[in-house]
Amino acid sequence: MTARRDRRTHGPITRSLWRAQFRGAFSLVELVIVIVVIGIVAAIAVPRLTRGATQAGAAALRSDLATLNRAVELYRAEHEGRAPTATHIGLQLTNYSNAAGNALSATADPGNGIVFGPYLREIPAIQIGPNKGATRFAAVPGDDIAWLYTGNGATILPNLFDDSMAVPDSVIDQLNTTRDELEAAIETGDLNAVLRN
């Protein structure tokens, strides 16, 4: 006959190990504390993440505008002060051209003087507004137009307008500005102050 041993009767060390091994769940107080801590962390993190995403659109717009305007300046420097034309700016910035800017090619052709450029690999898509994702240029706002350019070396502006020729409130919120400030900046062609916010 073998005697059955009771685990609980073999001293304080064995009893505490047995309790630790067979302790099955967290107490209600422990669970509530964890949930409260997670809630506090979420309350701090979520607004910061959404604000960062909102500011990312304005930062991308600022960067794309600087890139486009820099490309126009490089074009002017290589083409004896002539700016890209309003009708062909996309092609003129992304292809090789001759000194007059009127012969365009995807590859350089030194024999025909087509050696200038390209100044961009591709036209960047606009990141905010009703035409988000568009890459086309035009002199006036319209559907699927990303960038506004009138030629003669004018500053490139983003097309932030909707079908009714107004800037949507969502764009104003993304730029963290007021309607009056944005409209004044568009009129003067200087969006730098608005995009710095």
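Preceding this paragraph is the structure being described.
Along each chain, residue indices are assigned from 1 in the same order as the chain's sequence is written. Only residues with pLDDT of 70 or above have their local features reported here, since the model is predicted, and side-chain atom pairs are shown and tallied only from 80 upward, although totals for entire chains, interfaces and linings are computed over all residues. Only hydrogens and water are removed before side-chain values are computed, so all heavy atoms of the structure are retained for them.

*Asks:* Mind laying out the nonpolar core, listing which residues take part and the relevant values?
*Replies:* Residues belong to one nonpolar core when they are buried, are Ala, Val, Leu, Ile, Met, Phe, Trp, Tyr or Cys, and are joined through side-chain atoms within 4.5 Å. Think of it in three bands: with a 1.4 Å probe and only protein chains considered, a residue is buried below 20% of the maximum accessible area for its type, exposed above 50%, and partly exposed in between. If you look at the biggest cluster of nonpolar residues, it comprises 35 residues, and the most contacted ones within it are Trp147, Ile156 and Leu160. The dominant element in this core, judged by the number of residues it contributes, is helix α2 (residues 28–78), at seven residues. Secondary structure follows DSSP: runs of H or I at least 4 residues long count as helices, runs of E at least 2 residues long count as strands, and numbering of each begins at the N terminus.

*Asks:* Tell me about the pairing of strand β4 (residues 145–148), and name the residues and values.
*Replies:* Between any two strands, at least two bridges found by DSSP are needed for them to pair. Of the strand pairs in this sheet, strand β3 (residues 136–138) and β4 are connected by three bridges, and their pairing is parallel. Residue pairing in the sheet places arginine 136 in a bridge with isoleucine 145 of β4. As judged from the two bridges shared by β4 and strand β5 (residues 157–158), these two strands associate in the antiparallel manner. By the bridge assignment for β5, tryptophan 147 is matched with proline 158.

*Asks:* Can you lay out the pattern of salt bridges for me, pointing to particular residues and giving the numbers?
*Replies:* Any Lys or Arg side-chain nitrogen found within 4 Å of a carboxyl oxygen on Asp or Glu counts as a salt bridge. By the definition in use, this model includes three salt bridges. In this structure, the salt-bridge partner of arginine 82 is glutamate 80, at a minimum N-O distance of 3.6 Å. Overall, arginine 82 belongs to the partly exposed group, its relative accessible area being 36%. The class of glutamate 80 is exposed, set by a relative accessible area of 63%.

*Asks:* Residue-level account of the environment of arginine 121, with values.
*Replies:* When you line up the elements, arginine 121 lands in the loop between β2 (104–105) and β3. When its relative accessible area of 84% is taken as the criterion, arginine 121 is described as exposed. A sequence separation of 28 residues divides arginine 121 from leucine 93, and the C-alpha atoms of the two residues are 8.3 Å apart.

*Asks:* Talk me through the sheet that holds β4; I want residue IDs and the actual numbers.
*Replies:* In a beta sheet, neighbouring strands pair by backbone hydrogen bonds and run either parallel or antiparallel. The strand order across the open sheet formed by three strands is β3-β4-β5, and the pairing between neighbours is mixed. Each having just a single partner strand, β3 and β5 make up the two edges of the open sheet.

*Asks:* Give me the lowdown on the side chain of asparagine 131, citing residues and values where you can.
*Replies:* Relative to the assigned elements, asparagine 131 resides in the loop between β2 and β3. For asparagine 131, a relative accessible area of 7% gives the class buried. In this structure the side chain of asparagine 131 is engaged in a polar contact, spanning 3.2 Å, whose partner is the backbone nitrogen of aspartate 144. From its side chain, asparagine 131 meets the backbone oxygen of isoleucine 145 in a polar contact 3.4 Å long. We call two residues in contact whenever any of their non-hydrogen atoms come within 4.5 Å of each other. Sequence-distant contacts of asparagine 131, defined by excluding residues within four places in its chain, comprise Ile126, Gly142, Asp143, Asp144, Ile145, Asn159 and Phe161. For this analysis, a polar contact is any N or O atom pair within 3.5 Å, provided that within protein one partner can donate a hydrogen and the other can accept it, and provided that sequence-adjacent residues contribute only side-chain to side-chain pairs.

*Asks:* So, the side chain of aspartate 64: which residues are in play, and what are the values?
*Replies:* Summarising the element assignment, aspartate 64 is placed in helix α2. Non-local contacts of aspartate 64, meaning those with residues more than four positions away in its chain, are made with Pro124, Ala125, Gln127 and Trp147.

*Asks:* Provide a residue-level description of unusual backbone geometry, including the pertinent values.
*Replies:* Negative phi characterises most residues that are not glycine, and trans characterises most peptide bonds. Here the residue pair glycine 117 and proline 118 is connected by a cis peptide bond, since its omega of -15° sits within 30 degrees of zero. One can find proline 118 in the loop between β2 and β3. Positive phi outside glycine occurs at glutamate 80, with the angle close to 55°. Structurally, the position occupied by glutamate 80 is in the loop between α2 and α3 (89–94).

*Asks:* Now, about the environment of proline 130: what can you tell me, with residues and values included?
*Replies:* For proline 130, the location among the structural elements is in the loop between β2 and β3. Judged by relative accessible area, which is 40%, proline 130 ranks as partly exposed. It is 9.3 Å that separates the C-alpha atoms of proline 130 and serine 170, two residues lying 40 residues apart in sequence.

*Asks:* An account of a nonpolar patch on the surface is needed here, citing residue identities and associated values.
*Replies:* Within the patch definition used here, like charges are joined within 9 Å and nonpolar side chains (Val, Leu, Ile, Met, Phe, Trp, Tyr) within 5 Å, considering only residues with over 30% relative accessible area and no salt bridge. Surface accessibility follows the Shrake-Rupley procedure with a 1.4 Å probe radius. Residue values consider only the protein chains on display as shielding. There is a patch of nonpolar side chains on the surface, built from Leu28, Val32, Val36, Ile40 and Ile44 and spanning about 480 Å² of accessible area. By secondary structure assignment, the location of leucine 28 is in helix α2.

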